[in-house]
Amino acid sequence: MMWSWIPGNGSQIWQLTQENIYLGVVPALYGLVLSLPLGILAARWRWFYPPVLTVTNILYAVPSLALFIALIPSLGLTNTNVVVALTVYSVCVILPNVVAGLRSVPDDVRQAATAMGYRPLRRLITVELPLALPVIIGGLRVGVVSGISLASVGQLIGVSSLGYLFVDGEQRDFPTEIYVGLFLVIALALACDLILVAIRRAVTPWMGERKRSAVPARSAAGEGAAPESTLEAVPQ
Amino acid sequence: MSFFSWAWDWVIQRSNWNGQGSIPQQIVAHLGYSGLPLLIAALIAIPAGVAIGHTGRGATLVINIANAWRAIPTLGLLVLLVVLLGFSALTWLLPLVVLAIPPMLVNSYEGVAGVDPGVRDAARGMGMTTWQQVTRVEMPIALPLILVGLRTSAVFVVATATIAAYIGLGGLGRFIIDGLASDQYGPVAGGALLVVVLAILVLILFAVLSRLLVPAGLRTRRREG
């Protein structure tokens, strides 16, 4: 470990870190935006969900390097390539959780809202989506964390991220650089994860501490609706 | 030209099917480089996950491993080991085994831990030994999730073995990494297509396996696989 390398290359490391944050976080947010309407439809129309789940399962099995490569003819060796590919994965992760979250809303809650005069759209926005939020944010967490770590693979097609430190460190036979890259990717991923947990606590104050594990580990694993809640396929 | 036409033109070239480093050779190599770590990891992860699910000891550890697992950049890990130790069986096999463990560990754990306590009690009440409870009741009930774990790890290992071509491993990743290095999109696209086909075949294999292995009474509840 050559500590002096770090301050000497601070500005480059910072630049790569920012690029990695962008490549990890933006696709997850796009994924959320796409998953919400699709998930709402899939929760409404039962027939719509199995085919959607099949498609997302297949897409999710596609290795990231292969997906980047498949996008080269249309998007080139650009940031956009990696952003589009990682958006695809984040939809695969978040969508099942949107459906599982909406389906986990108890029927009597839904009926109570209806009895109180809520129309379907208002009921969806003010009752069902807020109750589904913890599970949805659980999916978002998986999307962001895996996005940040997957972004580094983009370096193999020349899209800059902290993966540069891996590739450059290998070529120069310089472990320090690789250590720094590993540390920063993992630290970034965990930091984003913690931020999302904090956001979830802030937006769902009624949940308290007791149901903390409702996020990724247990939730809907049993019913097979949100396979990502246990460790479902992760592309690399 | 689209990805598929690039890939197809390369895949159907007769010269790519013969000799050293040909497509069939690299497919076989890829299967070996994925299968071996998967097997070793399964032998460790599934018994461990089942034991943790049965006893409930170490459950938090499993959840934390699951969360940390996604944050690990595999490229970084592979590259680090190679720079530190040089390329050897240890430097590609060890990370693939370690990284293949969490999905199987977590899903086996979830599967067994999720068994209805009433069913568990009934098994004990019938006089089953612990071994019988685990192997005849809990594991069959957990089988759909255990298979999901196996499938997840298998797909993951196929993908990671591709990336390991960067540190010198053979297999289909060779076409991709070598093609990228020499700016030839043909083999890059072809290799990527073959890897995707392989990953999807793995999915199909596990869909078939879960049809064949999961007891009929459990099949309707879970649509996994």
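The structure under discussion appears in the preceding block.
Treat the numbers as computed from the prediction; the structure is a model and nothing was measured.

Once that is clear, we can look at helix H5 (residues 89–113) of chain B. Residue and element names in this part refer to chain B. Taking 1.5 Å per residue, 25 residues should reach 36 Å; H5 reaches 35 Å between its end C-alpha atoms and fits that length. At Ile-101, H5 shows its strongest bend, of approximately 25°, with the proline Pro-102 following within four residues. The buried count for H5 comes to 20 of 25 residues, which makes it a mostly enclosed element.

With that settled, consider the interface of chain A and chain B. Where the parts come together, the accessible area they lose is often given as the size of the interface. If you look at the interface, chain A gives 46 residues, while chain B gives 51 residues. Tallying contributions element by element places helix H9 (residues 175–203) of chain A first for the side of chain A that touches chain B, with 8 residues. Looking at the side of chain A that touches chain B residue by residue, the classes come out as 32 nonpolar, 11 polar and 3 charged.

Right, let's talk about the packing of helix H8 (residues 163–171) of chain A against H9(A) for a bit. Two packed helices can be described by the angle between their axes and the distance between those axes. All names here are of chain A. With their axes 8 Å apart at the nearest point, H8 and H9 run at an angle of 165° to one another. One finds that H8 runs roughly antiparallel with respect to H9. Pair H8 / H9 crosses with left-handed handedness. Contacts between H8 and H9 pair Leu-165, Phe-166, Asp-168 and Gly-169 from the former with Pro-175, Glu-177, Ile-178, Val-180 and Gly-181 from the latter. Taken together, the residues of the contact of H8 with H9 sort by class into 5 nonpolar, 2 polar and 2 charged.

Okay, the nonpolar core next. Counting residues in each nonpolar core, the largest one holds 138 residues, and the members touching the most others are Ile69(A), Leu78(B), Val158(B), Ala192(B) and Ala199(B). Ranked by the residues each element gives to this core, the list is headed by helix H7 (residues 130–163) of chain B, at 16 residues.

What follows deals with the packing of helix H2 (residues 10–44) of chain A against helix H7 (residues 120–151) of chain A. Residues and elements named next belong to chain A. Running from N to C, H2 and H7 cross one another at 145°; their axes reach a closest spacing of 9 Å. Classified by chirality, the crossing of H7 by H2 is right-handed. Note on element contacts: H7 touches H2 through Leu-124, Leu-140, Gly-143, Val-144, Gly-147, Ile-148 and Ala-151, opposite Asn-20, Leu-23, Gly-24, Val-25, Pro-27, Ala-28, Gly-31, Leu-32 and Ile-40. Classifying every residue of the contact of H2 with H7 gives 11 nonpolar, 5 polar and no charged.

Parameters at a glance
Residues numbered from 1 in each chain as written. Chains lettered and ligands numbered in written order. Predicted model: local features only at pLDDT ≥ 70, side-chain atom pairs only at ≥ 80, totals over all residues. Helix = DSSP H or I, 4+ residues; strand = E, 2+ residues; numbered from the N terminus. Expected span 1.5 Å × (residues − 1). Bend = angle between axes of the 7 residues up to and from the residue. Buried ≥ 20, exposed ≤ 12 C-beta atoms within 10 Å, placed from the backbone. Contact = placed C-beta atoms within 7 Å. Nonpolar A, V, L, I, M, F, W, Y, C, P; charged D, E, K, R; others polar. Axes fitted to C-alpha atoms, helices over the stretch in contact; angles between N-to-C directions. Parallel < 35°, antiparallel > 145°, perpendicular 65-115°, else oblique. Left-handed = near helix turned anticlockwise from the far one by under 90°. Core = buried A, V, L, I, M, F, W, Y, C linked by C-beta atoms within 7 Å.

These values are about where atoms sit, not about what they do.
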